[in-house]
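Take a look at the letters that make up each chain.
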Amino acid sequence: MAGDNAHSDGSSSSWKDQLNERIDAGWAEEIDLFESQLELRKSGKLEEKVFAETRLRRGAYGQRYDNGKRHDGIEERALAFSDKPTKGPDTVWDAPGMQRIKIPFGGVSPDQLDELAALAEEYSDNIIHITTRQDVQLHFVHIEDTPDLMRRLAALGITTREACGNSIRNVTACPLAGVCKTEAFDVSPYAGALMQFLLGHPDVQDFGRKFKPAFSGCEHEACGLVQLHDGGYVARVVDGKRGFKVVVGGGLGAVPHQAKVLSEFTPEEELLPLMQAVSRVFARLGEKQNRGRARIKFLVAKLGIDEFRRLVEEERKTLPHDDRWTAFLKDMPHTRGEAVREAGPQIPQEGRGAGFEEWLATNVSPQRQAGYSVVMLNLPLGDLTGDQARGLADIARKYVGDNLRTTVEQNIALRFVSDTDLPALHGELAAIGLAAPGATTIVDVTTCPGTDTCKLGISASRGLGGELRHQLAAKSATLPEAIKNLKIKISGCFNSCGQHHVADIGFYGNSRKIDGRTVPHFQVILGGQWTENAGSYGLAVGSVPSKAAPQVVDALTDAYAHGRESGESFQAWIARMGKRNVKEIIKPFMPVAPYAEDPSFYSDWSDVREFTIGDLGVGECAGEVVSLFGIEVVKAESQSFDAQVALDEGDADTAEELAYAAMLSAARALVRTEYIDVTEDPDHIVGEFKTRFFDTERFFDRFAKGTFGRYLLDRHANGSGAVTDEVASQRIEEAQLFIEAAHACEARETAAAAQAPPIPGAAPGAPAEA
C-alpha cells in the first residue's frame, strides 16, 4: 500500500489535507464518507454486503483470486493473507482489486494522464488499461489505497462514483465527436451534461441493474454503438433544430438485445428530462430480485416499446422543473477542445522515419477541419505503462493540447494534429513505444481482461488476443486487402465485455470435458455488424479448443478472401455461405488431441498451468456418467446449430422451436446422468430438471446463479409467444448458454463425485441410485 505524500523537508501530510481545496465539496464529502465506511468494515462494524455495494458504487471491484484461493493446475491452494474482515462475501480484505475510473465520452487531458500514470505506478502494477467503454482500469489495487486514489483523481475533475454497481455507468461517445466529417453535430457536450446531471441523482439510486448510455454523431457509422446500449442518443437536426433520436433497451451480455426507438426526435432541451423520466420508470418497474432479468432491455421487452414509451411520457409530465435541464446549453462549444497548432497545408516528405508510411496508412485519418488529422494510437490489448502515459502527456501538450480521447476499441485518439507535424509526432511516439501501425485493423484485437484478472473469466481472452496480434502483425504487410479491416473481438466468458457479438469474428470463452480433463475452448461468433451503430449481432457456429483459435482465424479469413464476391462484406459473405457451410470451415479445428499426444491443448494461452484438475479416472462412476452425458448432449448442440440454420434461412418459428428443443435435450442429458428412465415428454424433462438440478441449485453458476436454468423454465411455462427474428435469435442465444451451463454443471458433479468417499458396499463403477 502507498503511504502519505512525503515532502522534501522530510515532513508528510495526507492527500486529503493537500487536495481539500482543489476538490469539489460534494465529491470530497463522498470520498470522506467512503473512507469512514471502509474503516467501519475493517473493524467489523459494517455488514459485508453493505460495504460491498458501497465500494462497487465507488468503482472498487473485486479481482480474480480475491477469495484467497488459486488453482495451480493440480488442486486448489490457499493464498496467504492476514486474517481481517472481508470486503464483501467471500472476498479477502488484503487481496488486490480493480479500480475503475470513469472517463466521460473518453475525454482526457495531459494533466489527467500524468496523474493516471502516477497512480498506476504507486498503487497498481504500472499498467493503465483502457476498456471497451472508454473507462480506465487499474488492477492489483489495495482497498485501503482507494480513498487517496479517488482524491487525487477528483482534484483533476475525474470521479469513480458509479463506475460500478447498479447505477448509470460511464457515458460513452464517438471519439471523433467534433471532428467527424459526417456527424450532425458534436455530441461531446451533451454526453458530459448527461453524466453530470445523473451522477448521484436520486432517481438513479434504485435500479435493479446497471444502465449504460452512449452518444453518436452519425446514424450509419459505428460511432457510439448505440444499438447495444441501455440508452442511446443519435444526433439529428430537424428544421435547423438540434436534437436526438433516442433508443432504449439494447445490451449485449449473455443474450444480446437490439435497442428500440423511444423517440425519433427529442429536442436538445428535452434530453435530460426525458432520461430522468426513463430512469424513474426503470427504477419503479425494473426487476429487482432476479438479477439475470434486471437490465432495462428485459423491461422494454416485457412491456413492449409502445407501452414503455407511454409510461415515460406520463412520467415526464410529473417531473418538477429543474434548471439544470437546459443550463448546459448556454455557451455550447462547437468542439470539445481546439487546436493548439496551426493547420498544416500538407504532410511534409522530410522527417519520415522508419515505419511512417504504414503508420500513416492505418493510424491517421483526415478530420473535418482542413489541415488537421486524427491519429489513433494502437494500444496492445488496451494497455500502456506509466512511463508511456507520462510521455504521451508531454507529446499531447506539444501537439494537441487537451484533444485526447479513449476509444471503445481500447485505443487513444489524438485530435487536431496538424498535418505538418505528422512526421515529427510519429518519431516522438515511436520513441515511447506508441507508434505501432494497424490501429482499427484486424491486427487491433479487442479483448476483455478474461482470466488474467476477472472473476468471471473462463478462458484466457487476453492470452488469445495477444497471440492473434503477434501472428497477424507478423504478416500484416501480406494480408489480402479484403481482410485487413475485419474486426476481431474476444470475451473471456459469455458476458460480452469484449463485444464479441458485433465483431466480424468473435470469440467467447467456455470449456469442454475431454478424457476426464477440462479443456479451454472458445465459442466462435461470426457475422456481427460494427457499422450502423452495432446494427446486428453475430451468431455462434461452434466451439473450438483455445489453442486452435488462431488456425480458425486463418481458415475463415482465407476462405473469405478467396470466396467473396466483388465488394462483398464479411457479414454478407457469412449470410450467403450459410451456417452449415461456415461450420464446415471450422470443423477440422474442433477435435482435441488426447493428452498423451498433445498436452498443450489442456493449458490456456499465456498460462503454464493445466486448465483444471488432472485425470478423474475412467473406470469409476464419474467415467460412466461423462460418457453418457457426452453422447446425449450432442443432440442438443446439433439442435442449437440447426436453429441457427433455420433462422439464417428465414424460418424464425422453426428456429425458436429448435432452440427450445435444444434446451430440453440438454436438460434431459443432465437428468439421465442420475435418472435413466426420464422420458422425452417436455413436462417430464422440465419437472425432473427443476426438482433435481434447479430447485437444489446444483445447476446454478457461481455468479449467474439460476439465470441460465430460468431460460428453459420460462420458455416451457410461457410458450413461444409471438415469434420474430429477434425473439428467435434471443432464444438461440439462451439455448447455447443453457447447453454451456449443462456442460459446466456436469463437470462440477463429476469432480465432486470423484472426490467423494466410496459408497459402502457399492461395486466399483456402479452408478449412484437415482
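Here we summarise the structure given alongside this text. Keep in mind the model is a prediction, meaning the values are calculated, not measured.

Conventions and cut-offs
- Residue numbers restart at each chain and count upward from 1, following the sequence in its written direction.
- With pLDDT at 70 or above as the cut-off, local features in this predicted model cover only qualifying residues; side-chain atom pairs require 80 or more to be listed or tallied, and sums for whole chains, interfaces and linings still use all residues.
- Side-chain measures here rest on the full set of heavy atoms in the structure, leaving out hydrogens and waters.
- Secondary structure follows DSSP: runs of H or I at least 4 residues long count as helices, runs of E at least 2 residues long count as strands, and numbering of each begins at the N terminus.
- Using C-alpha atoms as the atom set, the radius of gyration is obtained and then compared with a globule rule of 2.2 Å times the number of residues to the power 0.38.
- Here's how the labels work: a residue is buried when its accessible area is under 20% of the maximum for its type, exposed when over 50%, partly exposed in between, all with a 1.4 Å probe on protein chains only.
- Note on contacts: a residue pair is in contact if any heavy atoms of the two residues lie within 4.5 Å.
- The Shrake-Rupley method, run with a 1.4 Å probe sphere, supplies the accessible areas, and residue values consider only the shown protein chains as cover.
- The charged-residue count follows a simple rule in which Lys and Arg add positive charge and Asp and Glu add negative charge, with His and chain termini not counted at all.
- Charge positions are represented by NZ for Lys, CZ for Arg, CG for Asp and CD for Glu.
- As used here, the term nonpolar core means buried Ala, Val, Leu, Ile, Met, Phe, Trp, Tyr and Cys residues forming a set that is joined through side-chain atoms within 4.5 Å.
- Any two strands with at least two DSSP-identified bridges between them are counted as paired.
- To get an axis, a line is fitted to the C-alpha atoms, and for a helix only the part in contact is used. The angle between two axes follows their N-to-C directions and goes from 0 to 180 degrees.
- Crossover handedness is defined by viewing with both strands directed away from the observer: a clockwise path from the first strand over the helix to the second marks the crossover as right-handed.

1. What about the overall build of the protein chain?
Right, so step 1: Tallying secondary structure elements over the protein chain gives 24 helices and 24 strands in all.
Right, so step 2: A compact globule built from 770 residues should have a C-alpha radius of gyration of about 27 Å, and the protein chain, at 26 Å, falls within 12% of that.
Right, so step 3: Reported as C-alpha extents along the three principal axes, the dimensions of the protein chain are approximately 85 × 70 × 60 Å.
Right, so step 4: Split into buried and exposed, the 770 residues of the protein chain put 57% on the buried side.
Right, so step 5: Across the protein chain, contacts joining residues at least 24 apart in sequence account for 70% of those joining residues at least 6 apart.
Right, so step 6: Taken as a whole, the protein chain presents about 30400 Å² of accessible surface, with 51% of it coming from carbon and sulfur.
Right, so step 7: For the protein chain, the distance from the average site of its 84 positive side-chain charges to the average site of its 112 negative ones is 2 Å.

2. Notes on the nonpolar core
Right, so step 1: Counting residues in each nonpolar core, the largest one holds 102 residues, and the members touching the most others are F215, F244, F308, V375, L392 and L429.
Right, so step 2: Sorting elements by how many residues they give to this core places helix 7 (residues 271-285) first, with nine residues.
Right, so step 3: In this structure, A643, M663, F694 and L737 belong to the second largest nonpolar core, which totals 48 residues.

3. Some remarks on the environment of D306
Right, so step 1: With respect to the helices and strands, D306 occurs in helix 9 (residues 305-318).
Right, so step 2: Assessed through its relative accessible area of 56%, D306 is described here as exposed.
Right, so step 3: Along the sequence, D306 and E409 sit 103 residues apart, while their C-alpha atoms lie 34 Å from each other.

4. Points about the sheet that holds strand 17 (residues 383-385)
Right, so step 1: Read across the open sheet, the five strands follow the order 3-6-9-8-17; overall the sheet is antiparallel. The strands lining the two open edges of the sheet, one partner per strand, are strand 3 (60-61) and strand 17.
Right, so step 2: Bridge count between strand 6 (residues 97-101) and strand 9 (residues 136-141): five bridges; the pairing is antiparallel. Looking at strand 9, one finds that M98 is bridged to H139.
Right, so step 3: Along the sheet, helix 4 (residues 110-123) makes contact with strand 6, strand 8 (127-130) and strand 9, crossing strand 9 at roughly 20°.

5. Some points on the pairing of strand 11 (residues 213-216)
Right, so step 1: Alternating positions in strand 11 separate into two faces, P213 and F215 on one and A214 and S216 on the other, with burial throughout.
Right, so step 2: As paired elements, strand 10 (residues 172-173) and strand 11 share two bridges and run parallel to each other. From the neighbouring strand, A173 faces strand 11, where its bridge partner is F215.
Right, so step 3: For the segment spanning strand 10, helix 6 (residues 188-198) and strand 11, crossover handedness is left-handed.
Right, so step 4: The pairing of strand 11 with strand 12 (residues 231-238) spans four bridges and is parallel.

6. Examining the side chain of E115
Right, so step 1: Looking at the element boundaries, E115 is found in helix 4.
Right, so step 2: Those residues in contact with E115 that lie beyond four places of it in its chain are R152 and L156.

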